[in-house]
Amino acid sequence: MRVHTPPDRGVAVPLRRESLWLNWILGGVLAAFLVGLIFRGPGDFNPLVDGGLGLAAMWAPVAVCWAAARRATNRLDVTLVAAAVTCFAAGNTYFVLAARDGQVLPVPSPADIGFLSFYPLMLAALAIPAIGQLRHVGWPVVLDGAVGSLGAGAVLAVLLNPVLVAAVSAEMSLATTVATAYPMFDLLLVAGFVGIGAAQGRNVGRRWTVLVLGLVTFAATDVFYALLQLSGTFVVGSPVDAGWAVGLALVAFWVDGTSRSAGRITPAVWAIPTQTVPTIATVAALGVLVVGSRIPVSNLAVVLAALTLTLAAAPLVFRHRIRLADMLLQAGTDELTGLPNRRALHSEVPRRLALDSRRRSALLLLDLDKFKEVNDTLGHDIGDLLLVQVASRLAGRLRQADLLARLGGDEFAILLSGSSPEQAVTVAEGLRSALSEPFVLDGVTVQIGASIGISLYPDQGETLGILLRKADMAMYTAKSTRSGHHAYRDSDNTDGDERMRNLGRLRAGLTNDEFVVHYQPKVDLDTGEVRGVEALVRWNHPARGLVYPDDFISLVEQAGLMQTMTTIVLTKALDQASIWHAQKRTLTVAVNISASCLIDLELPDRILSLLTERGLSPSSLMLEITEDFLMADRDRARAILVRLRMMGIRIAVDDFGSGYSSLSYLRDLPIDELKLDKSFIMSMAGDPRVTALVASTIQLAHSLDLRMVAEGVESEADYEYLASHGCDVAQGLYVSRPVPAAELELWLAARPSGILDGVPEPI
Ligand code: C2E
Ligand code: CA
Ligand code: CA
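Residues numbered from 1 in each chain as written. Chains lettered and ligands numbered in written order. Predicted model: local features only at pLDDT ≥ 70, side-chain atom pairs only at ≥ 80, totals over all residues. Heavy atoms only, no water.

1. Digging into the overall build of the protein chain
Okay, step 1: Counting its regular elements, the protein chain contains 28 helices and 17 strands.
Okay, step 2: Residues counted as buried form 50% of the 763 residues belonging to the protein chain.
Okay, step 3: Long-range pairs, those at least 24 residues apart, make up 72% of the contacts in the protein chain between residues at least 6 apart in sequence. (Helix = DSSP H or I, 4+ residues; strand = E, 2+ residues; numbered from the N terminus. Buried < 20%, exposed > 50% of the residue type's maximum accessible area, 1.4 Å probe, protein only. Contact = heavy atoms within 4.5 Å.)

2. Points about the site of ligand 1
Okay, step 1: Contacts to ligand 1 come from 24 residues, most closely from Gln520, Arg538, Asp654, Glu714 and Leu733.
Okay, step 2: Within the side chain of Asn592, an N or O atom sits 3.1 Å from an oxygen atom of ligand 1.
Okay, step 3: Within the contact set of ligand 1, an oxygen atom lies 2.9 Å away from a side-chain nitrogen or oxygen of Asp654.
Okay, step 4: Protein contact buries 84% of the 790 Å² of open area that ligand 1 shows by itself.
Okay, step 5: Considering every element that reaches the shell around ligand 1, the biggest residue donor is strand E10 (residues 530-541), with four residues.
Okay, step 6: Residues of the shell around ligand 1, tallied by class, amount to 11 nonpolar, five polar and eight charged. (Near = heavy atom within 4 Å. Polar contact = N/O pair within 3.5 Å; in protein donor to acceptor, adjacent residues only side chain to side chain. Areas by Shrake-Rupley, 256 points an atom, 1.4 Å probe, with all protein chains shown as cover. Nonpolar A, V, L, I, M, F, W, Y, C, P; charged D, E, K, R; others polar.)

3. Things to note about the packing of helix H3 (residues 76-100) against helix H9 (residues 239-260)
Okay, step 1: Remark: H3 packs on H9, axes separated minimally by 11 Å, with the N-to-C direction vectors making an angle of 165°. In terms of orientation, H3 and H9 fall into the roughly antiparallel class. The element H3 and its partner H9 pack so that their crossing is left-handed. Only Trp244, Leu248, Val251, Trp254, Val255 and Ser259 of H9 make contact with H3, whose side of the interface consists of Val78, Val81, Val85 and Phe88. (Axes fitted to C-alpha atoms, helices over the stretch in contact; angles between N-to-C directions. Parallel < 35°, antiparallel > 145°, perpendicular 65-115°, else oblique. Left-handed = near helix turned anticlockwise from the far one by under 90°.)

4. Focus: the pairing of strand E4 (residues 411-416)
Okay, step 1: For E4, the buried fraction is high: six of the six residues fall into the buried class.
Okay, step 2: Residues Glu411, Ala413 and Leu415 of E4 are buried on one face, and the alternating residues Phe412, Ile414 and Leu416, pointing to the opposite face, are buried as well.
Okay, step 3: Two strands pair when backbone bridges link them, and strand E2 (residues 361-368) and E4 are joined in this way by six bridges, in the antiparallel orientation. Looking at E4, one finds that Ala362 is bridged to Leu416.
Okay, step 4: One ladder, built from five bridges, connects strand E3 (residues 403-408) with E4; its direction is antiparallel. By the bridge assignment, Gly408 is partnered in E4 with Glu411.
Okay, step 5: Counting the residues that bridge the hairpin from E3 to E4 gives two residues, and of these Gly409 lies at a positive phi of roughly 55°. (Pairing = 2+ DSSP bridges.)

Below you can see the structure in the form of structure tokens.
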């Protein structure tokens, strides 16, 4: 996982800067056209303003939209918007060219075909992302959508009143009908958008205000246009032309923005709270009826308002039945993503497989890589946002006939009915590439991978249970080999057994006292003295010999054995500390504490009793914690750290600089020491930027009254540089590798007291 926090968390990070200049051109052309319209004055066709600038203001949005469509391949919705805008521009061009030649176009003319095509295309674009989700939403949600649509329609119908009145009093010809049709279609579009916004999991995308503004501009312009047409006074070059250009530009800006964000056209970054739309719609409909009792409004408005209220009341009337249906649906629906859940999978898959037992199908099991890291470092809210976006991207890649379910956590299952093994692999590749684009979550860009295991029906299993188990083993193979996806083979089964064996060995290792602790000295750069050591665990494996933490820590963590292991390390390290204490050596022992251990609120007390049992002062212990933990739950972290600190135990922040944290926590958490991540020190050689960074981090630590420790010091040059820049402590192979306690004592005894001899230890 890669996470990047931009300076302003509230702003989406543009993923690609290409074609941004197109937006600037669009803005410039539009501004020039508007200025031109102001200065051209009334009168005949003006070739520069009406012809040149007017047409440029129509085609610049077209260019922006197609650039967006090219960028967001696989986004039918974006392509549809581009097509809609193109149709409108084409219609307008026909219209303007005819006006240049002094022709008065009949209404309807071919230009109207272009204008009218805009509406179905736009509506389709808005509806497409919603349709995918509609399958999964309950009745009440669909009802909310309908109430929202009708309410918006009722309000717009009041605003359209002048047009409707004029249309009734004018002679109803094809021309007046077409002119009246435009505002009605706008009404449909805005109502459709509101309805979709209300129903579609309430997620309507980040730049939705731009779209609403664009659609409303269109509607207002069309009302004016209709009034001018009905009174026979419309001419090219009136301010009305500006309205369409602005409306089109806003639609283009919106589509450009959504194609840059990582999700579908309506990513779950901006959510309308449930019930907001139906409530507003109900109040608005009531308002329309009240207004209608005072001043004449169109019948259309009254009918729409009445329908809104009727539908809004429906849940009250049919409450019982709807709730029952909803409850049944909810039981099979994952609350977060709206996808079918594990229960639904277990009831649906056997049914589908039984429909045609000769047809081949595939079951895919997808598990996100390092999702836990996102949750731990960025918090559960961001984790939830990620899951919602992952669900929508996966759904976007599947056919209607496929079944996508969330099993829980970051695990998804997909049943591909009627799929060959090759097709299943192609789908798996497609799903992974859909997830490979970064996700923008509340202003933070996150990149995440996924591993997919595939099992085949009926060849590899005839029941869901067997298929899931084999897909799980295949998924594990995909994860451990980092291949991304893997189709089940019989050999995976033994790999699975191997995993179980490893787990068994680990448990046995913990009870059989196979874990040992090595110590690595930390040298005071000022005096050359060694006043502390870091305790690092190793596994004395009966078959494999000495195994280093990188090879087993994640297994310990996965197996939920971290607390057990930490207690073992702490006990051994403090046993050793009391031996050194008896030898009158003043050495502080630093023990690594993983984030999963610090959840345990009892930990401070347990540590305190370990210390008092051995007659050790709390200052002889230091705990090394990582930034991840500080970021996960700031309040809890603070509470635990404050308690440890009050007892007199010191705290170091380990791997500083490798995480994703902001620096602000350093100010308000009780910390004694920063350990700059070894990757910085190890890349200092020959890279002046890293060297400068290290120097300024030392200053930062000092300005916060913290001691700076450099890890991974491997050379004399690094050692000298750090010493000359005021770094407090060095740790690394140049000083000594981590060694058993007895070896450390020999090493200490051989050192001229207080001075580092400058010769690296043999490794
Ligand atoms: P860490 O806490 O950052 O520990 C420092 C690691 O850097 C150690 O690896 C150490 O052997 C290594 N190292 C020391 N000097 C140098 C050097 O000059 N160059 C290079 N390249 N490496 C150097 P080790 O012992 O394999 O530990 C790896 C990680 O495992 C530790 O990173 C720590 O995160 C974790 N770990 C180790 N022991 C424990 C433990 O008891 N509990 C927990 N929770 N985690 C532990
Ligand atoms: Ca450490
Ligand atoms: Ca470290």
